Amino acid sequence: MVRNMIGTGFTPEGLTDSYITTELMSEMSWRQVPVNNQTYWIHKYLERRYGKHDEKALKAWVILAQNVLNSKSDHFNQKVLLTLMPNLNRTDFTWYPFSDIVQALDLMISAVEDPDLQDEPGFK
């Protein structure tokens, strides 16, 4: 019996993925070649999502993609803070510098100041 794959499926709801990683997973089903230039792919994704280019938003997402969304550590069985029972003495398991989150957040807050971007439904 010959079996052919006619589609792909994934359930990102149970993962700690973001919209951007889910979008990339979806797109990979249709691509003939891998994404060789991550920054360019992010630039095009943001244009599709926000309806226009914003340099600050691009910088923020590139920062997040390099470390926060690109874990190279072995943490498959680690429990992150959001999934543990509350406890005042807990520490979180992170594989990225917290400063990356702060820097990306500052850039996104700055991007909100652009009046053209404020009206974009994908940015809200």
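Residues numbered from 1 in each chain as written. Predicted model: local features only at pLDDT ≥ 70, side-chain atom pairs only at ≥ 80, totals over all residues. Heavy atoms only, no water.

**Student:** Where do I start with the nonpolar core in this structure?
**Tutor:** In globular proteins that are soluble, nonpolar side chains generally tend to be buried together. Residues Ile 42, Leu 46, Tyr 50, Trp 61 and Met 108 are the most contacted members of the largest nonpolar core, which totals 22 residues. Secondary structure elements with two or more residues in this core: helix 2 (38–50), helix 3 (55–68) and helix 4 (98–112). Those residues within four positions of Tyr 50 in sequence are excluded, and the remaining contacts are Ala 57, Trp 61, Met 108, Leu 117, Glu 120, Gly 122 and Phe 123. (Core = buried A, V, L, I, M, F, W, Y, C linked by side-chain atoms within 4.5 Å. Buried < 20%, exposed > 50% of the residue type's maximum accessible area, 1.4 Å probe, protein only. Helix = DSSP H or I, 4+ residues; strand = E, 2+ residues; numbered from the N terminus. Contact = heavy atoms within 4.5 Å.)

**Student:** Which parts of the structure should I look at to understand the pattern of salt bridges?
**Tutor:** Side chains that differ in charge, positive against negative, can pair when their charged atoms come close. The full count for this structure, using the stated rule, is 3 salt bridges. Taking the shortest distance from any N to any O, the salt bridge between Arg 31 and Glu 27 comes out at 2.7 Å. Judged by its relative accessible area of 30%, Arg 31 falls in the partly exposed class. Ionic pairing is found between Glu 27 and Arg 48, a salt bridge with its closest N-O pair at 3.5 Å. Placement of Glu 27 in helix 1 (residues 19–28) and of Arg 48 in helix 2 is noted, with a sequence separation of 21 residues between them. (Salt bridge = Lys/Arg side-chain N within 4 Å of Asp/Glu carboxyl O.)

**Student:** I keep staring at helix 1 and nothing clicks. Help me out?
**Tutor:** Structural remark: α-helix, 3.6 residues per turn; residues separated by three or four positions point the same way. Within helix 1, burial applies to Ile 20, Thr 21, Thr 22 and Glu 27. The inward-facing, buried residues of helix 1 abut helix 2 and helix 3.

**Student:** Would you take a moment to explain the environment of Val 62 for this structure?
**Tutor:** Topologically, Val 62 is positioned in helix 3. Among the residues examined, Val 62 registers a relative accessible area of 14% and is labelled buried. For the pair Val 62 and His 43, spaced 19 residues apart in sequence, the C-alpha to C-alpha distance is 9.0 Å. Here Val 62 is in contact with Thr 39 and Ile 42, once residues within four sequence places are set aside.

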